[in-house]
Each structure stands twice: as structure tokens, then as C-alpha cells.
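Each chain, letter by letter, is given below.
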Amino acid sequence: MRVAATVPARLRTATEDVTLTSGRTIKAGEHVAILTIPANTKEEDLFGAEPQIFNPHREVGKVAPWGLTFGSGSHTCPGRPLVTGGRSMRADTEIDGSLVTVARGLYRAGMELDPDSPPRLDPATHYNNYVSVPVRFSGAKAVATAARPASERQ
Ligand code: HEM
């Protein structure tokens, strides 16, 4: 998520003159943007060696391993715990969020892209959004086998 953030930039307009801790000044009415992927992938002291490379086993320091993917400050994404699990900003629990659990369930059920109907990108945006991503399920039997028999269910 850190190296392939779906939201490439967050934009803000200053409502008053402001001086950042770096000393940089922004005047009222000026627009600023944070470019998510560059901000997430440049700093080795934050994210470890080669921070632009996908490596789910990397050790991160005292930062959120997802970088700025969910934003920061008062408008930080409130859905983040649904995605990463836990309330901790560092995701140092073993629990995955609901969306990861749902995705794992879909893959267990054999979800795969439909080879007869490839995904179609949305031509109305430069984001990597899709108008359709047809999938099919090939492993329903394996899931039924893994499920507890009806006699054991409450
Ligand atoms: C991979 C999944 C997600 C990503 C990468 C993501 C990312 C973001 C980002 C970057 C922002 C803007 C933060 C800002 O402007 O400072 C945001 C805002 C928001 N997100 Fe998410 N989000 C995700 C999932 C979710 C989910 C699952 C929910 C709800 C169930 C959710 C609800 C919201 C809401 C309501 C806001 C607006 C917050 C505000 O403006 O105060 N998001 N999200």
C-alpha cells in the first residue's frame, strides 16, 4: 500500500498564511499537494533500505508501515483500521482488517480474473480505476470441504 498508493496526491488550500516547521512559508490561498508515492518511498531512515521496493518483510522504524497512504492529521482516513486491522498506527497487532479478511476469503474461494473478459480501465480518469473487473470462482468445492460440517455448527 505504501509503494502503490491508489490516491496519488492530496491537495489543500491554505486558509491563512502559515510557516512550516521547516521554515517554508505558504500564503493564504496558495495550493499545496503531497505526492503520496514519492513521500512514501524516498526516506530510508523511515522505511528501511530500498524503500521503493515491495518487501512485506521489511522492518520499519517507529512509523506507520503504510506511510502517508491514509493521509495524516485531522482528515486521516477513518476507514484505515478496517483495512490494516487494530487501532495502532503501527499495525503491530497480528490482526488483519476486515477488508484483508474478505479478500483472503475470496481468494480461498478460488477467485481469479475471468480470462474471457479482462478488466477495463475507466477512461474518464487518469487514476488506476476500473469500470469493470470480472472475476470467476473456481475453488468453491475446496471451501465447502474446509467448512465445518452442519452437524458441528451451532
Ligand atoms: C486501502 C483503502 C483505503 C485507502 C488507501 C484510503 C485512503 C484515504 C485517504 C488518503 C484519505 C484522505 C485523507 C486526507 O485527505 O487527509 C481518506 C479519507 C477518508 N476515508 Fe479512506 N481509505 C481507504 C479505505 C477507507 C474505508 C474502508 C473507509 C470507510 C469504511 C474510508 C473512509 C474514509 C473517509 C470517510 C474519509 C474522509 C475523512 C475526512 O475527510 O475527514 N476509507 N482515505
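Residues numbered from 1 in each chain as written. Predicted model: local features only at pLDDT ≥ 70, side-chain atom pairs only at ≥ 80, totals over all residues. Heavy atoms only, no water.

(A) Spotlight on the overall build of the chain. In terms of regular secondary structure, the chain is built from 5 helices and 8 strands. Written out in order from the N terminus, the α and β elements of the chain read β-β-β-β-α-α-α-α-β-β-β-β-α. Burial statistics for the chain: of 154 residues in total, 18% are counted as buried. Here the contacts in the chain between residues at least 6 apart in sequence split such that 40% fall between residues at least 24 apart. Summing over all exposed atoms, the chain offers an accessible surface of approximately 11800 Å²; the carbon and sulfur share of this is 56%. (Helix = DSSP H or I, 4+ residues; strand = E, 2+ residues; numbered from the N terminus. Buried < 20%, exposed > 50% of the residue type's maximum accessible area, 1.4 Å probe, protein only. Contact = heavy atoms within 4.5 Å. Areas by Shrake-Rupley, 256 points an atom, 1.4 Å probe, with all protein chains shown as cover.)

(B) Representation of the coordination of the iron atom of the ligand in the model. If you check the protein contacts of the iron atom of the ligand, you find one donor only, Cys77 (SG), at 2.2 Å. In this structure, Cys77 sits in the loop between α2 (44-47) and α3 (80-84). (Donors = N, O, S within 2.8 Å, 3.2 Å for Na, K, Ca; no water.)

(C) The arrangement of the layout of surface pockets in detail. Empty space within the second largest pocket amounts to approximately 370 Å³. Looking at the second largest pocket, it is lined by 16 residues, and the ones nearest its centre are Arg10, Arg12, Ile34, Gly71 and Ser72. No other element matches strand β4 (residues 31-35), which puts 3 residues into the lining of the second largest pocket. Per-class residue counts for the lining of the second largest pocket are 7 nonpolar, 7 polar and 2 charged. (1 Å grid on protein atoms, 1.4 Å probe; cavity = no way out; pocket = protein on both sides within 12 Å on 5 of 7 lines; lining within 4 Å. Points joined across faces, edges and corners; volume = space filled by probe spheres on them. Nonpolar A, V, L, I, M, F, W, Y, C, P; charged D, E, K, R; others polar.)

(D) The arrangement of unusual backbone geometry in detail. Of note, Glu50 is a non-glycine position whose phi angle comes to about 45°, a positive value. Tracing the sequence through the fold places Glu50 in the loop between α2 and α3. In this structure Glu50 comes out as partly exposed when scored by relative accessible area, which is 48%.

(E) How the structure looks around the environment of Pro38. Positionally, Pro38 belongs in helix α1 (residues 36-41). For the pair Pro38 and Arg2, spaced 36 residues apart in the sequence, the C-alpha separation amounts to 9.8 Å.

(F) How the structure looks around the packing of aromatic side chains. Counting across every chain of the model gives 1 aromatic pair. Pairing Trp66 with Phe70 gives two aromatic rings, centres 6.0 Å apart and planes at 85°, and the pair type is edge-to-face. Across the ring face of Phe47, the terminal group of Arg2 is positioned such that the distance to the ring centre comes to 4.6 Å. (Phe/Tyr/Trp six-rings, centres within 6.5 Å; stacked < 30°, edge-to-face > 60°. Lys NZ or Arg CZ within 6 Å of the ring centre and 35° of its normal.)

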